[in-house]
Amino acid sequence: MSDHPEARRTALYEEHVKAGGKLVPFAGFMLPIQYEGIAAEHHRCRTAVGLFDVSHMGEIVFRGPEAAKVVNRLVTNNVVSVKPGRAVYTPCCRPDGGIVDDMIFYKKSDTEWFVCVNASNKDKDYAWFVEQTRGECEVVDLSEQYSQIAVQGPNAPELLARVLGTEVATMKPFWFITKDYRGQEIIFATTGYTGEPGGEIYVPSAVAADLWRELMDKGSDLGVGPIGLGARDSLRMEMKYCLYGNDIDDTTTPIEAGLQWTVKFDKGDFNGRDVHLKQHEDGPARHLVQFVVEGKGVPRHNYAVYSGDRKIGHVTSGTMSPSLKIPIGIAYVEPPFQTVGQTFEIDLMGLRRVQARVVEAPVYRKAK
């Protein structure tokens with residue numbers, strides 16, 4: 001800790017220390033990069049159940065009679081028409097179409113939305129929300145009040161039912177409920193960043209460590225264990241889930257990033273709509289694709305992508321897939337290289353090139 005005096009501790013810091021977590025500064029907090037090893041933790045999530053401390057994420061609330069109008073204008077997806085108790089994944093864009101952040105909107109009522117934003121963007125997002133809201137509704141940053149625990153894996157529903165009650169095991173994806181936990185109101189949502197069943201719990205920091213310990217205790221026979229940031233990254237890469245700052249940012253649009261399913265042109269006007277509609281109709285100049293490497297060499301962020309002598313794009317994320325045991329990655333490429341089966345070469349820091357092939361996402365799929 002002495003090397004990073006500016007980094008804060010989450011409410012679960014002591015739990016990570018006790019579990020032997022290797023702590024590193026990330027998004028302003030000291031968080032575990034790994035415990036027993038990235039591959040082992042990755043497999044734990046794919047085969048049993050893992051706990052993730054994601055308390056660095058931000059929580060912001062929109063409320064008021066005009067809140068629906070405001071949030072509809074701010075984001076590309078339709079977060080207004082869903083029923084209360086539903087969550088919606090959506091990009092939030094600038095008028096030029098660039099992505100401010102990607103986030104999840106939880107509709108609590110027709111006049112209130114609870115929003116989870118990316119940790120590194122929390123202050124930027126809040127400032128953008130306040131600016132864009134123009135005083136039409138209340139915007140409140142609740143990030144200091146909440147910790148967040150993700151419970152993910154095939155055994156997660158059973159563990160969550162033991163701790164939070166049997167009804168949570170029957171909830172469909174992207175539903176949420178509020179519950180009492182030790183006298184505090186928590187929000188449980190069937191959301192996640194791994195491609196596995198389970199959910200995420202927004203819990204007041206005062207009882208976060210109690211909840212973590214109860215999950216660990218009641219999941220001992222289910223193979224539960226803590227999972228660090230390293231496996232969180234490899235899990236989301238296998239699913240082609242975008243990471244802000246790598247795969248999407250202020251210079252990319254949802255259409256380029258393959259997130260056109262989150263852009264609802266029929267809901268009325270919203271930031272970036274005209275830019276997105278033109279890209280949708282004309283086709284974007286680049287596409288975010290998932291690929292596998294056909295040879296030896298692990299792709300990394302910003303490695304150049306070539307077809308012959310011509311640079312056609314760049315890698316945004318890459319890793320050795322623990323599930324598939326082959327190198328995989330995500331990259332922006334020019335047309336027509338976005339189609340499944342197309343091949344190109346990844347430049348490995350100027351040392352050599354290795355062939356890669358576009359695959360249908362997600363590259364990791366559970367055996368039926």
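Residues numbered from 1 in each chain as written. Predicted model: local features only at pLDDT ≥ 70, side-chain atom pairs only at ≥ 80, totals over all residues. Heavy atoms only, no water.

Caption draft 1: Looking closely at the overall build of the protein. What the protein contains, in helices and strands, is eight helices and 20 strands. Over its C-alpha trace the protein gives a radius of gyration of 21 Å, about what one expects of a compact globule, namely 21 Å for 368 residues. Seen through its principal axes, the protein has C-alpha atoms that stretch 65 × 50 × 45 Å. The proportion of buried residues among the 368 residues of the protein is 55%. By sequence separation, contacts in the protein at least 24 residues apart represent 65% of the contacts at least 6 residues apart. When the accessible surface of the protein is split by element, carbon and sulfur atoms take 51% of a total near 15400 Å². Each charge sign in the protein was given a centre, from 42 positive and 48 negative side chains, and these centres are 4 Å apart. (Helix = DSSP H or I, 4+ residues; strand = E, 2+ residues; numbered from the N terminus. Rg over C-alpha atoms; globule rule 2.2 N^0.38 Å. Buried < 20%, exposed > 50% of the residue type's maximum accessible area, 1.4 Å probe, protein only. Contact = heavy atoms within 4.5 Å. Areas by Shrake-Rupley, 256 points an atom, 1.4 Å probe, with all protein chains shown as cover. Lys, Arg positive; Asp, Glu negative; His and termini not counted. Charge placed at Lys NZ, Arg CZ, Asp CG, Glu CD.)

Caption draft 2: Structural context of helix H7 (residues 229–238). In terms of burial, H7 is a largely internal element, nine of the 10 residues being buried. Positive backbone phi, at 60°, marks lysine 240, one or two positions downstream of H7.

Caption draft 3: Representation of the packing of aromatic side chains. One pass over the structure, following the stated rule, counts 11 aromatic pairs. Taking 5.9 Å as the distance between ring centres and 65° as the angle between the ring planes, the aromatic pair formed by tyrosine 106 and phenylalanine 114 counts as edge-to-face. Ring pairs connect the aromatic residues Tyr106, Phe114, Tyr146, Phe176 and Tyr202, which therefore count as one cluster. Over the ring of tryptophan 128 we find arginine 94; its NZ or CZ atom is 4.8 Å from the centre of that ring. The residue whose ring lies beneath arginine 353 is tyrosine 306, and the NZ or CZ to ring-centre distance is 3.8 Å. (Phe/Tyr/Trp six-rings, centres within 6.5 Å; stacked < 30°, edge-to-face > 60°. Lys NZ or Arg CZ within 6 Å of the ring centre and 35° of its normal.)

Caption draft 4: Examining the sheet that holds strand S9 (residues 138–141) more closely. Read from one edge to the other, the open sheet built from five strands follows the order S6-S7-S8-S5-S9, with strand pairing classed as antiparallel. Two strands bound the open sheet, and with one partner strand each, they are strand S6 (86–93) and S9. Strand-to-strand, the axes of this sheet are offset by a mean angle of 25°, without reference to chain direction. Pairing between strand S7 (residues 99–109) and strand S8 (residues 112–117): five bridges, direction antiparallel. Within S8, the position partnered with tyrosine 106 by the bridge is phenylalanine 114. Along the sheet, helix H4 (residues 122–133) makes contact with strand S5 (58–63), S6, S7, S8 and S9, crossing S9 at roughly 170°. (Pairing = 2+ DSSP bridges. Axes fitted to C-alpha atoms, helices over the stretch in contact; angles between N-to-C directions.)

Caption draft 5: Spatial organisation of the packing of helix H2 (residues 38–47) against H7. Closest axis-to-axis distance for the H2/H7 pair is 8 Å, and the angle between their directions is 55°. In terms of orientation, H2 lies oblique with respect to H7. H7 is crossed by H2, and the crossing has right-handed handedness. Residue-level contacts link Ile38, Glu41, His42, Cys45 and Arg46 of H2 to Gly230, Ala231, Ser234, Leu235 and Glu238 of H7. Tallied by class, the residues present in the contact of H2 with H7 amount to four nonpolar, three polar and three charged. (Parallel < 35°, antiparallel > 145°, perpendicular 65-115°, else oblique. Left-handed = near helix turned anticlockwise from the far one by under 90°. Nonpolar A, V, L, I, M, F, W, Y, C, P; charged D, E, K, R; others polar.)

Caption draft 6: Structural context of the nonpolar core. Counting 37 residues, the largest nonpolar core has Phe52, Tyr106, Phe114, Tyr202 and Ile248 as the members making the most contacts within it. Contributions of two or more residues to this core are made by S6, S7, S8, strand S10 (146–152), strand S12 (184–189), H7, strand S15 (287–293) and strand S18 (327–333). Those residues in contact with phenylalanine 114 that lie beyond four places of it in its chain are Glu59, Ile60, Val61, Ile104, Phe105, Tyr106, Lys108, Leu142, Tyr146, Ile187 and Tyr202. Judged by nonpolar contacts, the second largest core, of 26 residues, contains Tyr35, Val168, Val203 and Trp212. (Core = buried A, V, L, I, M, F, W, Y, C linked by side-chain atoms within 4.5 Å.)

Caption draft 7: Highlighting the pattern of salt bridges. Counted according to the given criterion, the structure contains 35 salt bridges. Where aspartate 210 meets arginine 213, a salt bridge forms, and the shortest distance between an N and an O atom there is 3.0 Å. With a gap of three residues between them, aspartate 210 and arginine 213 both fall in helix H6 (residues 208–218), about one helical turn apart. Its relative accessible area of 38% is what places arginine 213 among the partly exposed residues. Its salt-bridge partner being glutamate 360, residue arginine 365 comes within 3.6 Å of it at the nearest N-O pair. Arginine 365 gets classed as partly exposed once you look at its relative accessible area, which sits at 48%. What makes glutamate 360 exposed here is its relative accessible area of 54%. Each of Glu15, Lys18, Arg182, Asp210, Arg213, Glu214 and Lys218 takes part in a single network of salt bridges with overlapping partners. (Salt bridge = Lys/Arg side-chain N within 4 Å of Asp/Glu carboxyl O.)

Caption draft 8: Structural view of empty space enclosed by the protein. Following the criterion strictly, the structure yields one cavity of 30 Å³ or more and no others. What the largest cavity holds in volume is close to 60 Å³. Forming the boundary of the largest cavity are Leu31, Pro32, Tyr35, Phe52, Asp53, Val54, Ile227, Gly228, Leu229 and Arg232. Here the residues of the lining of the largest cavity are counted per class, giving seven nonpolar, one polar and two charged. (1 Å grid on protein atoms, 1.4 Å probe; cavity = no way out; pocket = protein on both sides within 12 Å on 5 of 7 lines; lining within 4 Å. Points joined across faces, edges and corners; volume = space filled by probe spheres on them.)

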